[in-house]
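A structural walkthrough
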Amino acid sequence: NNTTMDTISGSEQTTAILEQNRPIQDQEERQDQQQQQDEQPEDTSSGLIRKTYHRTRLLWSQLTLPEISGSLGDLGTLIPLLVALARKRSIHLAPALFFGGLANVLTGFAWDVPMCVQP
């Protein structure tokens, strides 16, 4: 291969070198395209449902009695405060409990970090 390179001009040498490296570049381009396709979700809703299902099964399998009792620990502080505010007509009790619980479940589910409710 060196003897043929010595007999051709500089521009022809460059062309020959590029042609030799072309299969490697094509392979790298195909790998980049495949990686981009793998990163793009095929169907966002089914992917989200699948991830949510697997996440729920994982969390449910790790649920223990101490974890449940720990999740109820803040109720001793939260309930008296909510009842006092509801008696003064500062808040509505049912929506406060519902949305507080919903926010606590969603943040715990999404980030594994429970939301503090203590003042």
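To keep things clear, this report deals only with the structure shown in the data block. (Residues numbered from 1 in each chain as written. Predicted model: local features only at pLDDT ≥ 70, side-chain atom pairs only at ≥ 80, totals over all residues. Heavy atoms only, no water.)

1. Description of the packing of aromatic side chains
How we decide: When two rings of Phe, Tyr or Trp (its six-membered ring) have centres within 6.5 Å they constitute a pair, described as stacked for plane angles under 30 degrees, edge-to-face for angles over 60, and tilted for the intermediate range. Burial classes follow relative accessibility: with a 1.4 Å probe on protein chains only, a residue under 20% of its type's maximum area counts as buried, one over 50% as exposed, and anything between as partly exposed. Sitting over a ring, as applied to charges here, requires NZ of Lys or CZ of Arg to be within 6 Å of the ring centre and within 35 degrees of the ring normal.
Here the structure, examined in full by the defined rule, presents one aromatic pair. Pairing Phe98 with Phe99 gives two aromatic rings, centres 4.9 Å apart and planes at 80°, and the pair type is edge-to-face. A single burial state applies to Phe98 and to Phe99, both of which are exposed. Over the aromatic face of Phe109 sits the side chain of Arg55, whose NZ or CZ is 5.8 Å from the ring centroid.

2. Some details on helix α6 (residues 93-111)
Note the threshold: Only DSSP runs of H or I reaching four residues or more are called helices, and only runs of E reaching two or more are called strands; each is numbered from the N terminus. Expected span of a helix, by definition, is 1.5 Å for each gap between consecutive residues, and there is one gap fewer than residues.
End to end, α6 covers 27 Å across 19 residues, agreeing with the expected 27 Å (1.5 Å per residue, within 8%). Backbone geometry just downstream of α6 places Asp112 in the positive-phi region, at approximately 60°.

3. Looking at unusual backbone geometry
Keep in mind that most residues, glycine aside, have a negative phi and that most peptide bonds are trans. In this structure, Arg89 takes a positive phi of about 65° despite not being glycine. By the secondary structure assignment, Arg89 is in the loop between α5 (75-87) and α6. Here Arg89 falls in the exposed class, since its relative accessible area comes to 74%.

Any functional reading would require information that these geometric values do not contain.
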